[in-house]
Amino acid sequence: MAYSNKAKEFYGTELTGIKNNGLLKEERFIKSPQRANIKVEYPVGSETKEVLNFCANNYLGLSSHPEVIAAAHKGLDERGFGLSSVRFICGTQDIHDELEKKLSEFLKMEDTILFPSCMEANAALFDVTLDKEDAMISDRLVHASIVDGMRLCKAQLFNYKHSNMEHLEEKLQETQSCRFRMIITDGVFSMDGDIAKLDKICDLADKYDAIVMVDDSHSTGFMGKNGRGTHEHCGVMDRVDVITTTLGKAMGGATGGCVSGPKEIVGMCRQRARPYLFSNTVPPAIVAASIKIIDMISKNNERRDKLEANALYFREEIKKRGLDIKEGTHPIVPVMLYNAKLAQNMAKDLYAEGIYVIGFFFPVVAQGQARIRVQISADHEREHLDKAINAFAKVGEKYKILGKKKDEIIAMYGL
Ligand SMILES: *Cc1c(COP(=O)(O)O)cnc(C)c1O
């Protein structure tokens, strides 16, 4: 055994440092299925409490939908628990192919390849399609999984200021001599809920001959009139080249991801993507449930319409009560508090009021941008939303921040 005291002490000191800086991530136990009202043990060891959940990515309320659970059961019964293989050896069932075809049809892309997660889709895509003589030009606020995916690729790395089209254009000009250039962005950015300017990005891509790649994890299933994603929302459905997305958010929330795009790019992933070749296949229960979900949301737009109405209602009402939110339309609603301690304290008080939300602060968001990120779901009923709005108003009153703008809140609490 070579786990020495030196190593033990080193890691122990690191962990103590994280804790002393107030950055320790603690888990809370949920003791019910994922849904609008959940049973939570928090802190661990305390009594279990029923609260309303406003911090899941369960946008369409499908995580525990009876039809989805039934489909998963059926998949489990008919196709087994696991395949004990990667896809290309003996891990592909007909339902994997069916799901890939359904995803292509839903996203309106030519072809699709499943991955165990979107993180792995992002780990695959760049490495497989780009090389030293190419350029990756990414928004500065792309998701961590894209950052890691780009690290695995030998192409030259460029980035542009968040959603700044002039800066993107500069980078496109700088990289004219490269063989291929890929513009890389999230469709919706997870901390602010703001939407990439895909129409402008596609214009620039046309002008400078670049490939457009969008990670639509926070959009697939509900953004756009038919829920296809930000490419539908922005009116550029035939102009985005490659989409990566997750099945782990609106699409049932279990696990799984994909690369969807031209058949050559998907084909290259099937031949060369390491997370596809060397990691296990998505289990049948999840595949069967995902097929069901695409059928459900393709049949009618009820859930995404309800989500849209819920988000709009919550945004309007919370503003009327005097809380400071980031403007937008997405079901991610950042309630801005600027000060980390204030965000933590308010989240704790909201929990006492039966509203489960989490304070976000540095390093998850920029210094001085602390907030509570509220996430709205189609599972929320009006009474749930009203309860949360009232709780925010009550707790906001306690901290005397109602009607206060950024500068006033910062003057009271500091950064
Ligand atoms: C959540 C998220 C991911 C990770 O998805 P997984 O399927 O859980 O790996 C990737 N990209 C973005 C933009 C996300 O929001």
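Residues numbered from 1 in each chain as written. Predicted model: local features only at pLDDT ≥ 70, side-chain atom pairs only at ≥ 80, totals over all residues. Heavy atoms only, no water.

Participant: Honestly, the layout of surface pockets in this entry has me stumped. Any pointers?
Facilitator: Rolling a probe over the atoms, with the probe sized like a water molecule, indicates the empty space that remains. Estimates place the volume of the largest pocket at around 1200 Å³. Looking at the largest pocket, it is lined by 33 residues, and the ones nearest its centre are Leu-24, Glu-26, Arg-28, Ile-358 and Gly-359. Every element with two or more residues in the lining of the largest pocket is listed here: helix 14 (340-352), strand 13 (359-360) and strand 14 (370-375). Tallying contributions element by element places helix 14 first for the lining of the largest pocket, with six residues. (1 Å grid on protein atoms, 1.4 Å probe; cavity = no way out; pocket = protein on both sides within 12 Å on 5 of 7 lines; lining within 4 Å. Points joined across faces, edges and corners; volume = space filled by probe spheres on them. Helix = DSSP H or I, 4+ residues; strand = E, 2+ residues; numbered from the N terminus.)

Participant: What exactly am I supposed to notice about the nonpolar core here?
Facilitator: Nonpolar side chains tend to gather and get buried jointly when the protein is soluble and globular. Grouped together as the largest cluster of nonpolar side chains are 87 residues, with contacts concentrated most on Phe-54, Leu-168, Phe-314, Met-346, Ile-372, Val-374 and Phe-392. If we ignore the near neighbours within four places in the chain, the residues touching Phe-392 are Phe-314, Ile-318, Leu-323, Val-335, Met-346, Leu-350, Ile-372 and Val-374. (Core = buried A, V, L, I, M, F, W, Y, C linked by side-chain atoms within 4.5 Å. Buried < 20%, exposed > 50% of the residue type's maximum accessible area, 1.4 Å probe, protein only. Contact = heavy atoms within 4.5 Å.)

Participant: Explanation requested: the sheet that holds strand 6 (residues 156-160) in the structure shown.
Facilitator: Backbone hydrogen bonds are what pair the strands of a sheet, in a parallel or an antiparallel way. Taken together, the seven strands give an open sheet; going across it, the order is 4-10-9-8-7-5-6, and neighbouring strands pair in mixed fashion. Each having just a single partner strand, strand 4 (111-115) and strand 6 make up the two edges of the open sheet. Direction aside, the axes of adjacent strands within the sheet are offset by 20° on average. Here strand 5 (residues 135-139) runs beside strand 7 (residues 181-186); their pairing, made up of four bridges, is parallel. Its bridge partner being in strand 7, Met-136 is matched across the sheet by Met-182. Sitting on the sheet, helix 6 (residues 144-151) touches strand 5, strand 6, strand 7 and strand 8 (211-215), and the angle it makes with strand 7 is about 155°. (Pairing = 2+ DSSP bridges. Axes fitted to C-alpha atoms, helices over the stretch in contact; angles between N-to-C directions.)

Participant: Hey, could you run me through the packing of aromatic side chains in this one?
Facilitator: Two aromatic rings are characterised by how far apart their centres lie and by the angle between their planes. Per the counting criterion, the structure on display carries seven aromatic pairs. Between Phe-115 and Tyr-276 the ring centres are 6.2 Å apart and the planes differ by 65°, which places this aromatic pair in the edge-to-face class. Highlighted residues: Phe-115 in strand 4 and Tyr-276 in helix 11 (residues 274-277), separated in sequence by 161 residues. Residues Tyr-351 and Tyr-356 carry aromatic rings whose centres are separated by 6.0 Å and whose planes lie at 70° to one another, so their mutual orientation is edge-to-face. The class for Tyr-356 is buried, based on a relative accessible area of 7%. Following the ring pairs from residue to residue traces out a cluster consisting of Tyr-42, Tyr-351 and Tyr-356. (Phe/Tyr/Trp six-rings, centres within 6.5 Å; stacked < 30°, edge-to-face > 60°.)

Participant: What is the right way to read the pairing of strand 2 (residues 37-41) from this model?
Facilitator: Each regular strand shows side chains that alternate between the opposite faces of the sheet. When strand 1 (residues 29-30) meets strand 2, the two strands line up antiparallel, connected through two bridges. Note that in strand 2 the partner of Phe-29 across the bridge is Glu-41. Counted along the chain from strand 1 to the antiparallel partner strand 2, the turn is six residues long. Bridge count between strand 2 and strand 3 (residues 48-53): five bridges; the pairing is antiparallel. Residue pairing across strands places Glu-41 opposite Thr-48, the latter belonging to strand 3. Hairpin connection from strand 2 to strand 3: six residues lie between these consecutive antiparallel strands, with Gly-45 at a positive phi of about 105°.

Participant: When you look at the pattern of salt bridges in this model, what are you seeing that I'm missing?
Facilitator: Applying the stated criterion across every chain, the model contains 27 salt bridges. One salt bridge in this structure joins Lys-398 and Asp-349, with 2.6 Å as the shortest N-O distance. Here Lys-398 is found in helix 15 (residues 382-398), whereas its partner Asp-349 is found in helix 14, with 49 residues between them in sequence. Look at Asp-349 and you get buried, because its relative accessible area is 18%. One salt-bridge network, in which partners are shared between bridges, spans Arg-87, Glu-100 and Arg-270. (Salt bridge = Lys/Arg side-chain N within 4 Å of Asp/Glu carboxyl O.)

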